[in-house]
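Read off the chains here:
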Amino acid sequence: MAIHLTPTELAREAGMERRDVIEKCMELGVPIFQGRIDKTLFMATLEESGSRQVATA
């Protein structure tokens, strides 16, 4: 199971739109490195911020 995903892949797993994933990364300071986002860091930061109810699979 990959943990470094593209914004499109992460959006699919989180039940969000690609644009929203990128906006949240910018807003919450989650780094996008070489076009990939750490799924674990993104989900934990999103949950901690209380921004959105995250779908877990």
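Residues numbered from 1 in each chain as written. Predicted model: local features only at pLDDT ≥ 70, side-chain atom pairs only at ≥ 80, totals over all residues. Heavy atoms only, no water.

Draft legend 1. Geometry of the overall build of the protein chain. Secondary structure summary: the protein chain contains three helices and three strands in total. For the protein chain, the sequential pattern of α-helices and β-strands runs β-α-α-β-β-α. Within the protein chain, the proportion of its 57 residues that are buried is 30%. For the protein chain, the proportion of contacts with a sequence separation of at least 24, taken over those separated by at least 6, is 49%. Entry remark: accessible area of the protein chain is about 4,000 Å², with carbon and sulfur atoms responsible for 50%. (Helix = DSSP H or I, 4+ residues; strand = E, 2+ residues; numbered from the N terminus. Buried < 20%, exposed > 50% of the residue type's maximum accessible area, 1.4 Å probe, protein only. Contact = heavy atoms within 4.5 Å. Areas by Shrake-Rupley, 256 points an atom, 1.4 Å probe, with all protein chains shown as cover.)

Draft legend 2. Quick look at helix α3 (residues 39-49). Buried within α3 are the following residues: Lys39, Phe42, Met43, Thr45 and Leu46. The arc that holds every buried residue of α3, seen down its axis, measures 165°, which confines them to one face. In α3, the exposed residues that point more than 90 degrees away from the buried face are Thr40 and Glu48. The secondary structure elements touched by the buried residues of α3 are β1 (4-5), α1 (7-14), α2 (18-28) and β3 (36-38). The backbone nitrogen of Thr40 lies 2.9 Å from a side-chain oxygen of the residue at the head of α3, namely Asp38. (Arc of directions from axis to C-beta. Polar contact = N/O pair within 3.5 Å; in protein donor to acceptor, adjacent residues only side chain to side chain.)

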